[in-house]
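Coordinate analysis (summary)
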Amino acid sequence: MKKTLIYIITAASLIACSNDLENLNVNTKDPSNVPGEALFTSAEKSLVDQMVNTNVNNNIFRLINQHWTETVYTDESNYDITTRTIPEQHWQFLYKDVLKDLDQSTININNEAVDVTANPIDKTNKLAIIEVLNVYTYAVLVETFGNIPYKEALNLKYKTPKYDDGLTIYKDLISRLNNAIGKLSIAGKSFGENDRIYKGDVNKWIKFANTLKLRMGIVISDIPSETALAKATVSTAAPFVFTSNDDNASIAYLSASPNTNPLYIDLVASGRSDFVPANTLVDYMNTNMDPRRSKYFDNNKDNPATPGVEYIGGIYGAANSFPNLTHITPTIQKPEYPGTILDYSETEFLLAEAAERSLIESPATAEAHYNAAITASIINWGGTATQATAYLAQTDIAYTTASGTWKEKIGTQSWVALYNNGFEGWTSWRRLDFPKLIAPADAVSGIPVRLAYPIVEQTLNKTNYTAASSAIGSDKVETKLFWDKF
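Now for a look at the structure at hand. Values in this document were obtained by computation on a predicted structure and should not be read as measured data. (Residues numbered from 1 in each chain as written. Predicted model: local features only at pLDDT ≥ 70, side-chain atom pairs only at ≥ 80, totals over all residues. Heavy atoms only, no water.)

Let's shift gears to the overall build of the protein chain. The number of helices and strands found in the protein chain is 19 helices and 8 strands. For 486 residues, the compact-globule formula gives about 23 Å, and the C-alpha radius of gyration of the protein chain, at 22 Å, lands near that figure. Counting only C-alpha atoms, the protein chain reaches 65 × 50 × 45 Å along its principal axes. When burial is assessed residue by residue, the protein chain has 58% of its 486 residues classed as buried. Accessible surface computed for the protein chain: about 18,800 Å², of which carbon and sulfur atoms make up 53%. Of the side-chain charges in the protein chain, 42 are positive and 54 negative, and the distance between the mean point of each set is 3 Å. (Helix = DSSP H or I, 4+ residues; strand = E, 2+ residues; numbered from the N terminus. Rg over C-alpha atoms; globule rule 2.2 N^0.38 Å. Buried < 20%, exposed > 50% of the residue type's maximum accessible area, 1.4 Å probe, protein only. Areas by Shrake-Rupley, 256 points an atom, 1.4 Å probe, with all protein chains shown as cover. Lys, Arg positive; Asp, Glu negative; His and termini not counted. Charge placed at Lys NZ, Arg CZ, Asp CG, Glu CD.)

Next comes the structure, spelled out in structure tokens:
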């Protein structure tokens, strides 16, 4: 989709893209005249595009999670995130293509002429939905980097925007989310067909907002000073979250460019063979006869190089032979395959965590939520309830008999289920510390638990960058963020 804005958010980014600041500030598309609904559509698609793509310039979370590995070029599997300026791309997409469009969408919708025949609740719903996506996007940025520009981020008068404290931002986001949820009403409509995720279904957005709220409450649940806030956030959200795979937050892509799933572009249209499933994941799923193997991977039992072997993953971080290994399922390579940013399976894993952390009071136990999460994942991938029951009956999978703590049980199974949602899988792994992943021999760092700040920030917003780096403990990928230290 053609971008409606050419703004770059921080002044550092503005200067980095051109020395002619005045020319960059001239927006020939004049976004103030673009319908707010169109800007919302653009932001929504840009957000999902960034979160689901696997272009190594933009998004390497599937690689960090060791779900996939590379074949010939192994830099990213060895945690080289700076050669291709990956942090900068993630930062820019979310600030420029999502948050700025959402900000302008709010302005334009507020400035629209009043239609006396329209239901005023419709406008309130639109603004609340925009706010929900604002919260989601800022939460991703905080969970990725730590301290980030927030109060000064979208205002171009701040040429070198200050970074705000990550925990302070996160708590403010929870407050904003509560306010937005309170304004959403099924008595009105919203964006209709301009909404690529839910087609304007306000009830679905209420569920999405509460599921996001549940996730954010869980993210801060290990912080000793935030126990009360975590419990209040989780307990008030839990009754209103996703209840089936029908609630999944997905964009249904189209079969023709430029509206195809980015995975199609990265895996098919590119004509490249850069990725294979990693042995880390394939070996675990083979050991447990996981019924999702035939859904996640392309069976290679007829491959003459590995006769009779159905699924064999590439050695994580090493150079791998694409022809000799199991390949990524053709299913997710279809141009119209949906891009999902939050789903029901993850919701049930979060509820299982909430039960173990005593953050909710519910007749459902952690085990029940764990079982529901795995079942939802298997069914969503095209498996059956019978397969889910058989998988859960195994001693090493059943909640009561699987080895390890609840964090290991939930963390490992969540890691498997979040196979095609790299960022959420990374956040779950960082929070629960399971499974125990091992960095490859040639890794340039430990397994990243954050992304380093963009290089352009280090050079052109140096004072604020230095202060932020010091505040979080250093700008290293191994530096644990405020919610991941306990």
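This next bit is on the environment of Asp122. Relative to the elements of secondary structure, Asp122 occurs in helix α6 (residues 120–145). The exposure class of Asp122 is buried, given its relative accessible area of 19%. Along the chain, Asp122 and Phe61 lie 61 residues apart, while their C-alpha atoms are 37 Å from each other. Not counting residues within four places of it along the chain, the set of residues in contact with Asp122 comprises Gly188, Lys189 and Ser190. From its side chain, Asp122 meets the backbone nitrogen of Lys189 in a polar contact 2.7 Å long. (Contact = heavy atoms within 4.5 Å. Polar contact = N/O pair within 3.5 Å; in protein donor to acceptor, adjacent residues only side chain to side chain.)

Let us look at helix α10 (residues 262–269). Within α10, burial applies to Pro262, Leu263, Asp266 and Leu267. Down the axis, α10 shows its buried residues gathered within 105° of arc, on one side only. For α10, the elements touching its buried residues are α3 (36–52), α4 (61–64), β1 (68–70) and β5 (275–277). Sitting at the head of α10, Asn261 places a side-chain oxygen 2.9 Å from the backbone nitrogen of Leu263. Positioned one or two residues after α10, Gly271 has a phi angle of 70°, which is positive. (Arc of directions from axis to C-beta.)

Scanning the entire structure with this criterion turns up 27 aromatic pairs. Ring geometry for Phe61 versus Phe423: centroids 5.2 Å apart, planes at 80°, classification edge-to-face. Here Phe61 is found in helix α4, whereas its partner Phe423 is found in helix α17 (residues 422–432), with 362 residues between them in sequence. Accessibility classification places Phe61 together with Phe423 in one group, the buried group. Ring geometry for Tyr198 against Trp205: centres 5.2 Å apart, planes inclined by 90°, an arrangement best described as edge-to-face. Of the aromatic side chains, those joined through ring pairs into one cluster are Trp91, Tyr95, Tyr138, Phe145, Tyr150, Tyr163, Tyr453 and Tyr465. When the ring centre of Tyr399 is taken as reference, the NZ or CZ atom of Lys409 above it lies at 5.0 Å. One residue, Lys436, lies across the ring of Phe434, its end atom 4.9 Å from the ring centre. (Phe/Tyr/Trp six-rings, centres within 6.5 Å; stacked < 30°, edge-to-face > 60°. Lys NZ or Arg CZ within 6 Å of the ring centre and 35° of its normal.)

Glancing now at the pattern of salt bridges. Two side chains with opposite charge may pair up if their charged atoms get near one another. Applying the stated criterion across every chain yields a total of 20 salt bridges. Arg215 serves as the salt-bridge partner of Glu143, at 3.0 Å between the closest nitrogen and oxygen. Placement of Glu143 in helix α6 and of Arg215 in helix α8 (residues 202–219) is noted, with a sequence separation of 72 residues between them. As far as burial versus exposure is concerned, Glu143 and Arg215 are alike and both buried. Among the salt bridges present, the one from Arg357 reaches Glu353, with a minimum N-O distance of 3.1 Å. (Salt bridge = Lys/Arg side-chain N within 4 Å of Asp/Glu carboxyl O.)

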